[in-house]
Every structure is written in structure tokens, then in C-alpha cells.
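Summary of the model geometry
So the chains spell out like this:
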Amino acid sequence: MKKLTPFALGLTLLLVPALSSVASAQTAGGILRAGMQADPVGLDPHTTDATATRNQLENVYDTLVAFDSAGKIVPSLATRWTTSKDGLTWTFTLRPGVVFHNGRALEASDVVFSIGRIKAPATKSPRSGDFELVKSVTAPNKSTVVMVLSKPYSPLLSKLAFSLNVIVPKEAVATLSSKPVGTGPFTFVEYLPQTRMVLKKNPNYWGRDAKGNKLPYLNGITYSYLPDATARVTALKTGTVDWIEYVPSTDITPLKSNAQVTVAGGPSANYRALFFNVAQKPLNDYRVRRAIAYAVNNQEIVDVALLGTGGLPARGTTLPNGSYYASPDASYGKPDLAKAKALLAQAGYPNGFTLELKVTSTYDFLRAPAEILQAQLAPLGIKVNITASEFSVYLPDILKKNYMATILGESGQGDPDDYLYTPFASDSNGNLTNFKDAALDKLLDQGRQTSDPAARKAIYAQVQKRLVDLSPMVFLYSSTQYEATSKRVQGYQHFPNTSYLGLRTTWLK
């Protein structure tokens, strides 16, 4: 068996370097008051894909391995791992002395149970596909986990590091949807919808800082829900909260010049796109979808909806700039109405049609592009009817594929498989568009089973080109994401994969 060392995945997670060890002047204590955009959509981490749930619970739970702030895979509940020469057998050694919040010691059987629960059809986890190539998970003893794969699977560590694929105790599963129980630095106290979630310090947390001091430093975190962006910024300025997420584009520059505020952030590992339900006419015709793509001006969306600071225009792929990025069409996102009209005419819609567009009113960066798209598609005779709803109402509808078109995306990816297999493979639970293409499926499978980075890059370049040709989505932009804190907040690290694991090393002056 050979040691598989932690590695960098080469995506936009590498846009910022790993921060050096936490400064020596940290102090323990205090409750961080955090201003959040939205309530969680469900509290059971295995049954939701909502970013709001992930961000608010990822410090309650732990994963087997984790991403650090530079996008590298690092030990978490597993301290080391090895893989066989054929890449089919992975062996993980668990960290000693880890205790669940209910007081029971972590054992290898908990990992077996947790991965099995995510995989099980009865769980209906949106990420069951993350482990579909895991043939078996066993615990030869209390500190060792062995995973056997049916095929080599390059993204395995990335999937294990995703912060909703957490390890839970079997005995607590019946109440996870109301009382999360993990091994993380904070324990769950209460959740009052549309009001707050309260976490308190876990005194038995296993984590330590670079000097050996126990983590976390904070006594707790209180998440308050402030869906209005202006209200969040005002709350920070007036001292009602200490930390806010999703700093609106209008306030990034002013807050950076505010001596009482620190702004952290930059380009993020996510994508935003116009999703099509290709099971519905006329979106079942790739020519119609491609025509819409030819009419969209991505730069205008970034400049107007995101005020030029909230994102980077997409150029024909879900992947932001990074090692696996391929620009399949340099003109992507630059309108060509003549081509668009010709394709619509070929498809039998020379006068356009009505497009029902569902969006969420909760997130400005997903709602604001709707009106711009409405205007951009009007010259094609496409009438866009916009329906907006709060995220907790909107998302379940989208997950049921009860829509014609929507503006959505995903956050927190760590491997090209997350950006490409998850949303586009025919059998993926993350495929929300009903898109199926045998040639693309073959390429995506090859990408999963190839470990050489150069060979994977060549495969994924073909994938990205085919996605442009068939257009199950119109790729709009990758976001920038910023958090802002008062000056009393120290040690917070921004993670480009949109994680808030940086709160583990945060303290208050």
C-alpha cells in the first residue's frame, strides 16, 4: 500500500494561498453574531444540498478529510489514508479521541454507517452519486475504515471532503432533522425559523491550532437571518452583528474603505447558469437552447446585475479559471442575434415562444439577472415570464424538476467531477435539467477513472465543448463572494470554496 498525500486540485480554490498559522494574540471566549442571508433548507446534512444548510452546520460536523483554505485535501476525522496500486482499495486511519456531541466515542462503524446512509436510496440524498462507485465500506477494527471501489475513482477524496458528506452517529439519525449531532467545534442549541440558529462551543472538540491550543476560541455562534442585503450591511455598521455573509456588490468598495470593517473574499469556486428543463418543449430541441445562448450577453449581466464586482463572465463552461478550465468558445456570452434567430427558425419557432422562468427572491445574485435575460431574449420574440419565491419554497420545487427554466448554480466544488459529472451525467442525482447524452456520459466516466491530470484535462476539454454544443444550460458567470466583519473579529479565514470553516479559528478582541 502506498501513502496518498494530500494534494491540490487545481481549481479556483487555489486563487489565494493558505494562510499562515493563526496569530499568537488570539483570545478565547465571546459569542460571534453572524448575519446570514437565508435560513437553512433542512437540518439533516445527508438529505439537503442547500448552501445555507452547509454553511451553518459545517462547524457542527466533521468530514473524513477536509479542504483547507488553499483547496488542499488535509486530514480531518481521518489522520492518514492509503490506496492500493490498482486504485480500488482505500484504507483510512481514524483520529483517536474524537467524541460525538452526545458523548459517545467516534468509531469506524460510524463512517461505514454514514457513507452507507448517503448511498442508500431510502435516504434520497442528492449526493448519493458521490459514492456510487464505492462497492463496500467496512470497519475491520474501531479505528480503520476500508473502502473498496468498483472502478478507479479520482474524485473520491474531494467527495469525502464536501462538508455535507459528514459523519453522524447512528443512534441520532431519527432526530437529525431537528437536532444535529456531530463531532465539530460547535454543538447545536436551537433553531428558530426566520429568527436565529444558536451554536455553543464544544469543550471536547479534537482540533488544535498550530501552537497546540484547543479550538475553537469562540464560546459560540448565533446566526441571525437578515435576507435584505441592506439590512445586513446596516447591522454590521451599527454593531448589531459582528460578521456578515454575501456582501452585496454595491457595498464591497465602500466597506473596504471603512476603517471599522474588514472585507474578505474574491473569486469563488462556483458557477451560476440559466438551467433548462429539457424535458419540456421547446427546450427539448438543442437548437432552441443554443439560440438562447447566442442571445445572452454575460458581460452585461455581470456589469448590471452584479455591478461589475460580483462575478466573472462565463465562457462556455461551469468551471471558473483553473487547471481544468477550457474555453470551448471564446465568443461565448457575446450576443449573435443573427445566429440565434436562424436556429430558432430551423427549430420551428421563428416568432419565439413563452419561457417561464422561476427564480428565488432570497439571493440577489440569482434574482437580478432575470430581468436582464428577459430584455436580452425579447428581440428573439421570446417572452420571459418571471416568478420569484423565497428560497425554502423555491428550492424543493426545483429539486422536483418542477420548472421550465431557472437561474441557479452550485457552490463548494473541489474537483472537475463536481462541476461536470454532478450536473450533467444522465444518472446523476444532481442532474436537474433532465439532460441525457450518451457520448457525454462516456467522457464523464473516463474523467472519473483517470488519475493523470493532463489526461483528465484533455477529457474535460471535450466535455466542455460538447456542453456548449448541446446547451443544457446557458453558463452566465462564476461569483465573487465576500464576507465582512467588524474589527473586533480576528483570525477569520475566507475559503474560496465558499465554506465557513474559517470560523473554527476566529476569535473576538
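For the structure, see preceding data.
Quick look at the structure, then. (Residues numbered from 1 in each chain as written. Predicted model: local features only at pLDDT ≥ 70, side-chain atom pairs only at ≥ 80, totals over all residues. Heavy atoms only, no water.)

1. Remarks on the pairing of strand β8 (residues 144–149)
Burial analysis of β8 places five of its six residues in the buried class, which makes it a mostly covered element. Bridge analysis of strand β6 (residues 89–94) against β8 gives five bridges, and the strand direction is antiparallel. Following the sheet pairing, Thr-89 is matched in β8 by Val-148. The pairing of strand β7 (residues 134–141) with β8 spans five bridges and is antiparallel. Note on β8: the bridge partner recorded for Ser-136 is Val-148. Following β7, the chain reverses through two residues before pairing antiparallel with β8. (Buried < 20%, exposed > 50% of the residue type's maximum accessible area, 1.4 Å probe, protein only. Helix = DSSP H or I, 4+ residues; strand = E, 2+ residues; numbered from the N terminus. Pairing = 2+ DSSP bridges.)

2. Observations regarding the pattern of salt bridges
Tallying each qualifying case throughout the model produces 20 salt bridges. A salt bridge links Asp-364 to Arg-367; the shortest N-O distance between them is 3.2 Å. One end of the pair is Asp-364 and the other is Arg-367, both in helix α9 (residues 364–367) and three residues apart, which spans about a single turn. For Arg-367, a relative accessible area of 28% translates into the label partly exposed. For the salt bridge of Arg-448 with Asp-417, the shortest nitrogen-to-oxygen distance reads 2.8 Å. One end of the pair, Arg-448, is in helix α13 (residues 438–449); the other, Asp-417, is in helix α12 (residues 416–424), and 31 residues separate them in sequence. Judged by its relative accessible area of 2%, Arg-448 falls in the buried class. Beyond isolated ion pairs, a larger network of salt bridges with shared partners links Asp-130, Glu-132, Lys-159, Asp-417, Asp-418 and Arg-448. (Salt bridge = Lys/Arg side-chain N within 4 Å of Asp/Glu carboxyl O.)

3. Observations concerning the packing of aromatic side chains
Taken as a whole, this structure holds 15 aromatic pairs when the rule is applied. Considering the side-chain rings of Tyr-246 and Tyr-363, the 5.5 Å spacing of their centres and the 75 degrees angle between planes classify their relative orientation as edge-to-face. Separated by 117 residues along the polypeptide, Tyr-246 in the loop between β12 (243–244) and α5 (249–256) and Tyr-363 in the loop between β16 (354–360) and α9 bring together distant segments of the chain. The exposure class assigned to Tyr-246 is buried, which follows from its relative accessible area of 10%. Tyr-363 gets classed as buried once you look at its relative accessible area, which sits at 4%. (Phe/Tyr/Trp six-rings, centres within 6.5 Å; stacked < 30°, edge-to-face > 60°.)

4. As for empty space enclosed by the protein
Applying the stated rule across the entire model yields four cavities of 30 Å³ or more. Taken as a whole, the largest cavity spans an internal volume of roughly 60 Å³. In terms of lining, the largest cavity is formed by Pro-126, Arg-127, Gly-129, Asp-130, Tyr-421, Thr-422, Ser-428, Asn-429, Gly-430 and Arg-448. Residues that form the lining of the largest cavity fall into these classes: two nonpolar, five polar and three charged. In this structure, the second largest cavity encloses a volume near 50 Å³. Taken together, Arg-290, Ala-293, Tyr-294, Asp-329, Ser-331, Tyr-332, Gly-333 and Lys-334 make up the lining of the second largest cavity. Of the residues assigned to the lining of the second largest cavity, the class counts are three nonpolar, two polar and three charged. (1 Å grid on protein atoms, 1.4 Å probe; cavity = no way out; pocket = protein on both sides within 12 Å on 5 of 7 lines; lining within 4 Å. Points joined across faces, edges and corners; volume = space filled by probe spheres on them. Nonpolar A, V, L, I, M, F, W, Y, C, P; charged D, E, K, R; others polar.)

5. Here's the deal with helix α2 (residues 108–119)
A turn of α-helix holds 3.6 residues, and therefore any two residues three or four places apart point the same way. Helix length check: α2 (12 residues) gives 17 Å between terminal C-alpha atoms against 16 Å at 1.5 Å per residue, within 8%. Among the residues of α2, those classed as buried are Ala-108, Asp-110, Val-111, Ser-114, Ile-115, Arg-117 and Ile-118. On its buried face, α2 is in contact with β6, β7, β8 and α3 (156–161). (Expected span 1.5 Å × (residues − 1). Contact = heavy atoms within 4.5 Å.)

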